[in-house]
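Topology and contacts: notes
Here is what each chain is made of, one letter per residue.
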Amino acid sequence: MDLLKKRILEEGRVVGEEVLKVDSFLNHQIDPELFQEIGKEFYNRFKDKNITKLLTIEASGIAIAVVAGLYFKVPVVFAKKSKSRNLDTDTYKSEVYSFTKQTTYDIEVSKRYIKPEDHILILDDFLANGKAAQGLIDIVNQAGATLEGIGIVIEKGFQKGGQQLRDQKIHLESLAIVDRFTNGQVTFLKG
Ligand code: 5GP
């Protein structure tokens, strides 16, 4: 997705060896017009699947999934990271190791909102080692629902998450795949 890659090149900041900061349009300040294009692109890539629900994880995934949900015309469910008193007690739960915070946390989804008859598309902002995605897949499997695919805004191709998902024969679509960081500069893999 050229528009997204342009923004990454113009505004992305490489932190250390492995982290890309895109706070100016994705993770802190949000660009609604770019998100509209992102939502439309996910829809175009998955519109042939019979998606009944989008699943993401708080916080950054929510805005992406809501915009995409306007195109798919299906509800958006987000996995909650912390225990909330508002959350139903009957939940699907999984454990995720956070790449950015380097700690493990639980994610939970109420059993009310994913049913065995659902066809799920998982959406998230970044794919690094795939722990968040694997946690969400675990929840889809616990619910007995069908995973139709995973859509990622930025995949870091030099980390192992993408390869693992493709090895699992999961339909993975990443809108930009970062090949490497060279002297603080981003280069992309293809497309
Ligand atoms: P994973 O679970 O695939 O190892 O990491 C994915 C999660 O970590 C994403 O949901 C995202 O929040 C965060 N993350 C991983 N790498 C980056 C990065 O380079 N930049 C930002 N902003 N977030 C990242």
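Our subject is the structure that appears above.
The structure reproduced in this document is the subject of the present report. Once a new chain begins, its residue numbering starts again from 1 and follows that chain's sequence as written. The model is predicted, so local features are restricted to residues of pLDDT at least 70 and side-chain atom pairs to those at 80 or more, both for listing and for counting; the totals for chains, interfaces and linings are taken over all residues. Side-chain calculation: all heavy atoms of the structure are included, whereas hydrogens and water are not.

A strand pair is defined by DSSP finding two or more bridges across the two strands. Secondary structure elements are defined from DSSP: runs of H or I of at least 4 residues count as helices, runs of E of at least 2 residues count as strands, and each element is numbered from the N terminus. Pairing analysis gives seven bridges linking strand E5 (residues 91–97) to strand E6 (residues 104–110), with the strands arranged antiparallel. Residue Thr91 lies in a different strand from E6, and its bridge partner there is Ser110.

Near the ligand you find 16 residues, and of these Leu20, Ala128, Asn129, Gly130 and Ala132 are the closest. Polar contact is the term for a pair of N or O atoms within 3.5 Å; when the atoms are in protein, one must be able to donate a hydrogen and the other to accept it, and sequence-neighboring residues count only if both atoms are side-chain atoms. A distance of 2.8 Å separates an oxygen atom of the ligand from a polar backbone atom of Ala128. One nitrogen or oxygen atom from the main chain of Gly130 is found 2.7 Å from an oxygen atom belonging to the ligand. Within the residue set of the shell around the ligand, elements represented by two or more residues are strand E2 (19–21), strand E7 (119–127) and helix H5 (131–143). Throughout this entry, Asp, Glu, Lys and Arg are counted as charged residues, while Ala, Val, Leu, Ile, Met, Phe, Trp, Tyr, Cys and Pro are counted as nonpolar. The remaining residues, Gly among them, count as polar. By residue class, the composition of the shell around the ligand is seven nonpolar, four polar and five charged. Whether a residue is near a molecule or strand is decided by its heavy atoms; if any one of them lies within 4 Å of it, the residue is near.

Moving on to the packing of helix H3 (residues 32–46) against helix H4 (residues 60–72). Axis lines are fitted through C-alpha atoms, for helices just across the contact stretch, and the angle between N-to-C directions can take any value from 0 to 180 degrees. Axis separation between H3 and H4 bottoms out at 8 Å; the angle between their running directions is 55°. The orientation of H3 with respect to H4, classified from their angle, is oblique. Of the two elements, H3 crosses H4, and the hand of that crossing is right-handed. Across from Phe35, Gln36, Ile38, Gly39, Lys40, Phe42, Tyr43 and Phe46 in H3, the residues of H4 making contact are Ala63, Ile64, Val67, Ala68, Tyr71 and Phe72. For the contact of H3 with H4, a count of residues per class yields eleven nonpolar, two polar and one charged. Small angles under 35 degrees read as roughly parallel and large ones over 145 as roughly antiparallel, with 65 to 115 read as roughly perpendicular and the rest as oblique. Crossings are classed by handedness, with left-handed meaning an anticlockwise turn of the near helix from the far one by less than a right angle and right-handed meaning a clockwise turn. The contact criterion used throughout is that any non-hydrogen atoms of two residues lie within 4.5 Å.

A word on the side chain of Thr56. Assignment of secondary structure puts Thr56 in strand E3 (residues 53–57). From its side chain, Thr56 meets the backbone oxygen of Leu123 in a polar contact 2.7 Å long.

Tracing the chain through its elements places Leu54 in strand E3. The buried category is assigned to Leu54, whose relative accessible area is 0%. Through-space distance from the C-alpha of Leu54 to that of Lys73 is 9.8 Å; in sequence the pair is 19 residues apart. Excluding residues within four positions of it along the chain, Leu54 makes contact with Ala65, Ala68, Gly69, Phe72, Val74, Pro75, Val76, Val77, Leu121 and Leu123. When accessible area is computed with a 1.4 Å probe and restricted to protein chains, residues below 20% of their type maximum are described as buried, those above 50% as exposed, and intermediate ones as partly exposed.

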